[in-house]
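# Report on the structure
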Amino acid sequence: MMIKIIEIIALPLIAFIIGIFFMGLARKIMARIHWRYGPPIFQPIIDMIKLLNQKSVSHGFIFDFGIIFSLAGTIVLILFIPFAKISPLSNSGGLLVILYLMLIAPLGLAISGGEAANPNTSIGISRKFILALGYEVPFILIILAVMKSFHSISLIHIVNTQQAGNWSIFSSVPLFLAGVAYFLILPAMLGLRPFDMVTAPQEISSGPKVEYGGKYLALISIEHALTLYISLALFVDLFLGGASNLIIFFIKILVVFIIGIFINAVFPRLRIEQAVKYLWGFPTLIALVGLILTTII
Amino acid sequence: MDRNQIKKWFKFPAQMGHKYSLWVTYFCTGCGIIEIPPTITARWDAERFGVIPVATPRHANLFLITGYVSVKTLKAIIKSYEMMPDPKYVVGFGSCPINGGMYWDSYNTIKHLDRYIPVDGWIAGCMPRPEAIIIGVTHLWTLIDKGMASGYKKYREKYKYYRENQEKVLGKLEWQPLFPLKESEEVK
Amino acid sequence: MATFVPIKRKRGSKMSANKLQEEIGSLFKNITLKIAKNNRIFILAQKEQILDILSFLKNKGFDHLELISCVDWIKKNQFEIVYILTSYLLEDEKSRIHLILKTRVSRENPEIMSALPIFENAEFYEREIYELFGVNFDGNNRLIPLFLDREYKIPPFRKDFDTREYVKNLYDSILPVEDKNK
């Protein structure tokens, strides 16, 4: 019982540290690709210390409430994804609960963005919801394929089956197709370069984040760090055989993230209708074929 | 550069944080904005010092006034300056914000930017090269260390006089005063 | 994907500067025309003939009004209004001529007919000249401020507007904030 409480408190902190490290690593790798020295790796920590010491401007009660709502949803979602052997709440609900909780974060942003009364905010939030609509369709097909193959919705059971045998992406053809489809939609869920039209600093002045001052921006950055961890950890748990050891899990997340950063450094930004056209095209087709094959095989 | 000294981070975290992550409002004020893209791209990399351009004044710390200020630009500068969150620094480039510079007898530019918004430092040059801009940022760090870069506090205390000056040039201002203008006698 | 649309060159009759000089000389009296180099013509006309000359030239192939500008001859007590026309869309390169058309207007009550019925983009140039020099254009009913946002006693580009006096009255009278408590 005590161990469970300690796990519940420690897991978001570990996720936060991993997320901050990845944000700094992203800036450093992008800088080196541009042939320049970059900021030091702990630069996001410096940014967060500065943001927490600024006097911010508030626009009303709903403005504050929306951010706290979305941050709370993200923190609760972390407790449902197993991280090596630490998995406080993974036995209750599993994949179905994750599907619902993933939509609290954009909802909180939309609530507080409505109070901000800036046209850039409304354009950014509409783009965010349309993008979520885009990647939710192949995501649900992938989750259905995984649930049918393993005959369970509990993530711990999925991880244990993979630990006993192969990685699930190599164990059967429909799971291979589902894994490839998930990797194709991963930049959209992380908010990386071909799909970063939600926060587009040059076009819509940072989208939903445009009215957030000092402390609010710190909370949004924390939420961004946690969202990075969630999408990557889910991919590693479902398809790359989430590890039994903390270090091996961390290395797996790191490799997937660095591939995502390399894609981020090279591609330009798509428009929102091109993004939805892509997301409902190729990856949906592959995931649908994978789902049909699970019923046949 | 004392970014590596961990003891100082524990003693004065706020000061070190304000120094090593200065976010610049990307507002192209005058003719000197031509020198900002070379400073932030790969050749004279300013991201090593923590300086990145951000899209809105609500995220920003540092406001660079690059070049001459005409009367229409002054309106936009005052609005953006009042939108920035509180510890904020202003740096002027060239001789035009100091005393009018090349446009000393023009009817449409303001001389002496210091009388309308508080300015913390000036960088010489018409326009300064990227190396000079980066050295100016390091001088701003020493000022922040000594506590002398307190333009934002001056603006808060003497807002009545700043607003008088602004109204003489721009006419009646459309926005409400940022800080209350009349002080009650009991406060004194 | 936007497609690239090249500029269409017009097939006009060949126009040479000498032929144009003869035609204009025969149609309009009281006009001085000078040809400098091969492709530049300077015309000095009276202010009542301007609209006729402009419509004649537009039919000839000069369909781009580049600029309307104004010069303040304060000693002669006159404003000089300058129209610059070009014909760079003609196919034959030797027929592309730059034409500069000048008139004089009195400085006391400056007024002239607007070129808006012939060239639509004359609206902005006339707004600028009205704001900065004070010349009234008959027929342009949109003479609202373009650049300046304050009222001046006399329009600021005239040569008797003393900028140094103006600066001393307005900007040097604003005191720095440190000196205000005293």
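Residues numbered from 1 in each chain as written. Chains lettered and ligands numbered in written order. Predicted model: local features only at pLDDT ≥ 70, side-chain atom pairs only at ≥ 80, totals over all residues.

With that settled, the discussion passes to the overall build of chain C. Broken down by element type, chain C carries four helices and seven strands. When its helices and strands are written in sequence order, chain C yields α-β-β-α-β-β-β-β-α-β-α. In terms of overall dimensions, chain C is more spread out than a globule: its C-alpha atoms have a radius of gyration of 21 Å, far above the 16 Å expected for 182 residues. Projecting the C-alpha coordinates of chain C onto the three principal axes gives extents of approximately 80 × 55 × 35 Å. Here the contacts in chain C between residues at least 6 apart in sequence split such that 55% fall between residues at least 24 apart. (Helix = DSSP H or I, 4+ residues; strand = E, 2+ residues; numbered from the N terminus. Rg over C-alpha atoms; globule rule 2.2 N^0.38 Å. Contact = placed C-beta atoms within 7 Å.)

What follows covers the overall build of chain B. The helix and strand tally for chain B stands at eight helices and five strands. When the elements of chain B are put in sequence order from the N terminus, they spell out α-α-β-α-β-β-α-β-α-β-α-α-α. C-alpha atoms of chain B, sized along the principal axes, occupy 50 × 45 × 25 Å. For chain B, the residues scored as buried account for 37% of the 188 residues in total. (Buried ≥ 20, exposed ≤ 12 C-beta atoms within 10 Å, placed from the backbone.)

Once that is clear, we can look at the interface of chain B and chain A. Across the contact, 18 residues belong to chain B and 26 residues belong to chain A. Here the side of chain B that touches chain A is built from residues that sort into seven nonpolar, six polar and five charged. (Nonpolar A, V, L, I, M, F, W, Y, C, P; charged D, E, K, R; others polar.)

The next subject is the nonpolar core. Among the nonpolar cores identified, the biggest contains 61 residues, and I142(A), A178(A), I185(A) and A233(A) are the most heavily contacted of them. If one sorts the elements of this core by residue count, helix 10 (residues 214-239) of chain A sits on top with 12 residues. Excluding residues that lie within four positions of it along the chain, A233(A) makes contacts with I81(A), F83(A) and I253(A). Among the nonpolar cores identified, the runner-up in size contains 36 residues, and A55(B), L62(B), Y116(B) and Y155(B) belong to it. (Core = buried A, V, L, I, M, F, W, Y, C linked by C-beta atoms within 7 Å.)

Bringing helix 5 (residues 104-116) of chain A into the picture now. Residues and elements named next belong to chain A. With 13 residues, helix 5 should reach 18 Å at 1.5 Å per residue; the first-to-last C-alpha distance of 19 Å fits that figure. When we look at burial in helix 5, the residues that qualify are A105, G108, L109, S112, G113 and A116. Buried residues of helix 5, seen end-on, are gathered within an arc of 130° and therefore sit on one face of the element. In this structure, the buried residues of helix 5 make contact with helix 3 (61-78), helix 6 (119-150) and helix 10. A positive phi of about 60° marks A117, the residue just after helix 5. (Expected span 1.5 Å × (residues − 1). Arc of directions from axis to C-beta.)

Right, let's get into the confidence of the model for chain C. Averaged over chain C, the pLDDT score is 85; the fraction of residues at 70 or greater is 95%. Reported confidence for the predicted complex is 0.89 by ipTM and 0.87 by pTM. (pLDDT = per-residue confidence, 0-100.)

With 11 residues of chain C in contact, the opposing surface of chain B contributes 14 residues. By residue class, the composition of the side of chain C that touches chain B is seven nonpolar, one polar and three charged.

For the rest of this paragraph, the subject is the sheet that holds strand 5 (residues 98-106) of chain C. Residues and elements named next belong to chain C. As summarised here, the arrangement of the five strands in space is 1-2-5-4-3, forming an open sheet in which the pairing is mixed. Each of the sheet's edge strands pairs with one partner strand only, and the pair in question is strand 1 (32-36) and strand 3 (64-73). Mean inter-strand twist for the sheet, computed between neighbouring axes without regard to direction, equals 20°. Where strand 2 (residues 40-44) meets strand 5, five bridges bridge the pair, whose relative direction is parallel. Across the sheet, F42 pairs through a bridge with I100, a residue of strand 5. (Pairing = 2+ DSSP bridges. Axes fitted to C-alpha atoms, helices over the stretch in contact; angles between N-to-C directions.)

Residues and elements named next belong to chain B. In this structure, the amide linkage connecting C126 to the following residue, M127, adopts the cis form with an omega of -5°. Within the element layout of this structure, M127 appears in the loop between strand 5 (121-123) and helix 6 (130-146). Even without being a glycine, H112 presents a positive backbone phi close to 55°. On the secondary structure map, H112 appears in the loop between helix 5 (96-99) and strand 5. Under the C-beta neighbour-count criterion, H112 is labelled partly exposed, with 18 such atoms within 10 Å.

To continue, consider the pairing of strand 1 of chain C. Residue and element names in this part refer to chain C. Burial analysis of strand 1 places just zero of its five residues in the buried class, which makes it a mostly uncovered element. In terms of strand pairing, strand 1 meets strand 2 through five bridges, oriented antiparallel. Opposite I35, over in strand 2, you have I41 as the bridge partner. Hairpin geometry of strand 1 and strand 2 is characterised by an intervening segment of three residues between the two adjacent antiparallel strands and by a positive phi of about 60° at K37.

A word on the packing of helix 6 of chain A against helix 8 (residues 173-190) of chain A. Residue and element names in this part refer to chain A. For the pair helix 6 and helix 8, interaxial distance at closest approach is 10 Å and the crossing angle is 155°. Looking at the two axes, helix 6 sits roughly antiparallel to helix 8. Crossing handedness for the pair helix 6 and helix 8: left-handed. Residues L131, G134, Y135, P138, F139, I142, A145, V146 and S149 of helix 6 lie in contact with helix 8, whose contacting residues are P174, L175, A178, A181, Y182, I185, A188 and M189. (Parallel < 35°, antiparallel > 145°, perpendicular 65-115°, else oblique. Left-handed = near helix turned anticlockwise from the far one by under 90°.)

Residues and elements named next belong to chain B. Two elements in contact, helix 4 (residues 71-83) and helix 8 (residues 159-170), have axes whose closest approach is 11 Å; the angle formed by their N-to-C orientations is 145°. Relative to helix 8, the crossing made by helix 4 is left-handed. Mapping the contact onto sequence places V71, L74, K75 and I78 in helix 4 and Q166, V169 and L170 in helix 8. Here the contact of helix 4 with helix 8 is composed, by residue class, of five nonpolar, one polar and one charged.

Our focus in this paragraph is the environment of P85(B). Tracing the chain through its elements places P85(B) in the loop between helix 4 and strand 4 (89-93). Remark: the alpha-carbon pair of P85(B) and K19(B), spanning 66 residues in sequence, is separated by 15 Å.

On to the pairing of strand 3 of chain C, then. Residues and elements named next belong to chain C. Where strand 3 lies against strand 4 (residues 78-86), nine bridges are found, and the strand directions are antiparallel. Across the sheet, L67 pairs through a bridge with I84, a residue of strand 4. Where strand 3 folds back on strand 4, the antiparallel hairpin that results is connected by four residues, among which N77 adopts a positive phi of roughly 65°.

All names here are of chain A. By the element assignment, I258 lies in helix 11 (residues 246-266). Among the residues examined, I258 registers 13 C-beta atoms within 10 Å and is labelled partly exposed. Sequence-wise, I258 and A26 are 232 residues apart; in three dimensions their C-alpha atoms are separated by 7.9 Å.

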